[in-house]
Amino acid sequence: MSGRKTNEERQQEVDRQLALMKAAIGDEDIFDSDSSDSDSDDSGQLRQRSNTTRDAVASARRFLMDDDDDYDDAIVLGFPRPMTPKKSPAKLHVKMAAGMGNQGKGARDSIWDSVRSDGSEQSQQPQSVRQSLSNLFLQSKRPSAKRLGSPGIWNDADATEGEEFIQENSKSKFSYLACMWGTVLWLIALGSLFVFGYYIYDFGTSFQHAPAPIESPAEEHSEDSKAALMKHGVLTEAVLDDPNSPQAAALRWIEENSSQASSNKHNPYLAQRYALAVVYYSMDGQHWTNSDGWLSNEGYCKWYGVQCLGTEGSIEKHFGNGPVFELNLSSNEVKGTIPVELNTFKDLFFLDLQDNALEGTIPDELGGWSALRMFSIAHNDLYGSIPPTLLSTSADLRVLNAGHNGFTGTIPPELGTATKLREIRLEYNSLYGHIPDSVRDLDRMETLHLAGNKLGGSLPSGIYDMARLEALYLHDNSLTGHLSNNFASLSHLELLTLNHNQLVGTIPNVFANSRHLQEVHLHGNELSGNMPRSVCSLTTEHKLTYLSATCTQTKVEGEMGVHCECCTDCK
């Protein structure tokens with residue numbers, strides 16, 4: 001069909017649709033609008049059904065012919081809004097199908113599919129439309145009383161379903177918005193949780209120092225510093241095998257500060273800076289009484305106990321670094337061990353570590369200080385033997401002070417190679433054996449303190465060659481033999497302690513030339529006879545202030561003890 005239909009044509013179309021409905025149901029008489037009462041007398045039941053059906057058909061006809069509610073019907077039915085207020089036959093069939101509720105849903109969909117197939121309001125397949133309605137009525141057989149029970153029921157059903165559809169549609173939109181808003185809230189919560197977790201993770205990993213994937217300039221400097229230390233022979237790969245060693249800790253400190261001028265590889269005193277760091281870590285620098293400046297970025301010449309050679313200008317030229325000539329950490333609560341890296345200080349003059357709590361041994365390699373004047377490690381807890389190299393490679397050594405430790409073994413013969421020694425203090429250790437004859441070469445010796453050991457044998461003749469000797473401490477040993485007349489050569493002697501040994505015989509009259517003698521300790525031996533007049537004369541001149549011996553009051557020959565009338569202390 002083409003063009004707009006007239007009302008007559010539309011009426012004819014509706015009549016045809018009704019004819020189809022009558023044919024589908026199989027009862028033509030009850031749908032005849034012109035024969036109202038012709039067959040109504042046969043049966044009351046048939047008349048009642050006829051009236052009911054006729055009212056339903058009249059209501060359907062009004063529903064189909066109502067042009068004014070096309071717009072609302074389209075909204076209620078859920079179809080596209082009509083472009084014009086006029087109905088097409090297809091729309092009329094749709095409204096008929098809609099009036100039948102769920103049973104008309106399939107017919108309604110089929111009708112609209114035929115309308116939408118060519119995009120126009122007038123179906124190109126009228127037969128399929130009619131067939132859909134016929135199938136609908138064939139499935140339903142006869143409309144139920146609920147659907148066709150009263151006139152105008154189709155219009156009321158249509159309005160009711162429209163309102164329900166609008167309400168359901170509104171509820172659906174509200175549910176959709178609520179769902180979307182809930183989703184947004186969940187996304188916000190998840191995002192907040194993620195951000196919070198990221199900051200917690202970042203805070204936890206901030207304490208870890210992960211290596212950078214790309215080598216930084218600082219790492220390049222550290223590798224250069226390590227290579228420079230190895231080139232100077234102060235660092236070897238072997239000492240780095242233990243990551244907890246003082247050497248490894250000192251290297252890490254150098255690497256961490258390698259970008260600083262004081263720790264730069266071009267600094268000629270980098271090796272000494274590293275050696276001082278080893279000293280710090282080896283000797284428990286964290287607990288020193290005074291550690292001012294240590295392991296700081298400033299030059300080590302300003303660190304506590306460190307003194308450098310050179311003028312102020314030359315030291316500043318090297319950023320506060322210079323040749324270390326003094327390391328004085330005495331009485332500073334120093335613990336730990338003595339590192340061999342002390343050899344790095346080739347210009348070292350004074351090394352004073354006494355009155356601390358150092359443990360372990362003196363490294364055998366320690367030495368090589370051509371300019372060393374004083375080596376003092378007294379009053380510690382060191383043990384082992386005294387390294388010969390410490391003496392043989394220190395030609396300028398003046399003072400060797402290692403008393404009050406736990407050293408064992410013998411006094412090394414290399415002692416005589418340090419010919420410039422003026423003071424040797426090895427008292428109160430556990431040294432044994434004889435006093436080496438090489439002491440004769442120590443002609444500049446002023447103080448020889450070997451008391452409190454386990455030395456035995458007789459006094460070596462070389463002792464009497466020490467023309468400058470002022471103090472000779474040999475008490476508390478196991479010395480044997482007689483007192484020699486060679487004591488007369490010790491003209492500068494001021495103090496002599498030979499007590500608590502195993503000396504025998506008489507006291508020689510050789511002290512007449514010892515005009516400087518102030519103390520003589522002879523008790524605790526097996527000496528006998530009379531105290532020489534030369535000695536007693538020293539007491540009367542008030543020069544000899546202390547004279548002790550194991551005295552006896554008799555002069556019986558062979559009786560142990562010294563008959564001494566001038567002794568200040570008889571024991």
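Since the model is a prediction, treat every value here as computed from it, not as a measurement.

> What exactly am I supposed to notice about the side chain of Asn-429 here?
Within the secondary structure, Asn-429 is located in the loop between β10 (423–425) and β11 (430–433). Engagement of the side chain of Asn-429 in a polar contact is seen with the backbone nitrogen of Gly-406, the distance being 3.3 Å. Within the structure, the side chain of Asn-429 is placed 3.3 Å from the backbone oxygen of Glu-427, a separation counted as a polar contact. For Asn-429, the contacting residues outside a window of four places in its chain are Ala-402, Gly-403, His-404, Asn-405, Gly-406, Phe-407, Gly-452 and Asn-453.

> Explain the packing of aromatic side chains here, please?
The relative placement of two aromatic rings is captured by the distance of their centres and the angle of their planes. In the structure shown here, the tally under the stated rule is twelve aromatic pairs. Plain terms: the ring middles of Tyr-280 and Tyr-281 are 5.5 Å apart, the flat faces sit at 90 degrees to each other, and that makes the pair edge-to-face. Ring geometry for Tyr-280 against Trp-294: centres 6.2 Å apart, planes inclined by 20 degrees, an arrangement best described as stacked. Of the two residues, Tyr-280 is situated in helix α11 (residues 270–282) and Trp-294 in the loop between α11 and β1 (306–308); the sequence distance between them amounts to 14 residues. The exposure class assigned to Trp-294 is buried, which follows from its relative accessible area of 7%. Each residue in the set Trp-253, Tyr-280, Tyr-281, Trp-288, Trp-294, Tyr-300 and Trp-303 is aromatic and connected to the rest through ring pairs, giving one cluster. Over the ring of Phe-349 we find Arg-373, and its NZ or CZ is 4.8 Å from the ring centre.

> I'm lost on the sheet that holds strand β6 (residues 374–376) in this one. Help?
Through backbone hydrogen bonds, the strands of a sheet pair up, either in parallel or in antiparallel fashion. Spatial ordering of the open sheet is given by β1-β2-β4-β6-β8-β10-β12-β14-β16-β18-β20-β22, a layout of twelve strands whose pairing is mixed. The open sheet terminates on both sides in strands that have one partner only, identified here as β1 and β22 (569–570). Inspection of the sheet shows strand β14 (residues 471–473) paired to strand β16 (residues 495–497) by three bridges, in the parallel sense. Across the sheet, residue Tyr-473 finds its bridge partner in β16, namely Thr-497.

What counts, and at which threshold
Residues numbered from 1 in each chain as written. Predicted model: local features only at pLDDT ≥ 70, side-chain atom pairs only at ≥ 80, totals over all residues. Heavy atoms only, no water. Helix = DSSP H or I, 4+ residues; strand = E, 2+ residues; numbered from the N terminus. Polar contact = N/O pair within 3.5 Å; in protein donor to acceptor, adjacent residues only side chain to side chain. Contact = heavy atoms within 4.5 Å. Phe/Tyr/Trp six-rings, centres within 6.5 Å; stacked < 30°, edge-to-face > 60°. Buried < 20%, exposed > 50% of the residue type's maximum accessible area, 1.4 Å probe, protein only. Lys NZ or Arg CZ within 6 Å of the ring centre and 35° of its normal. Pairing = 2+ DSSP bridges.

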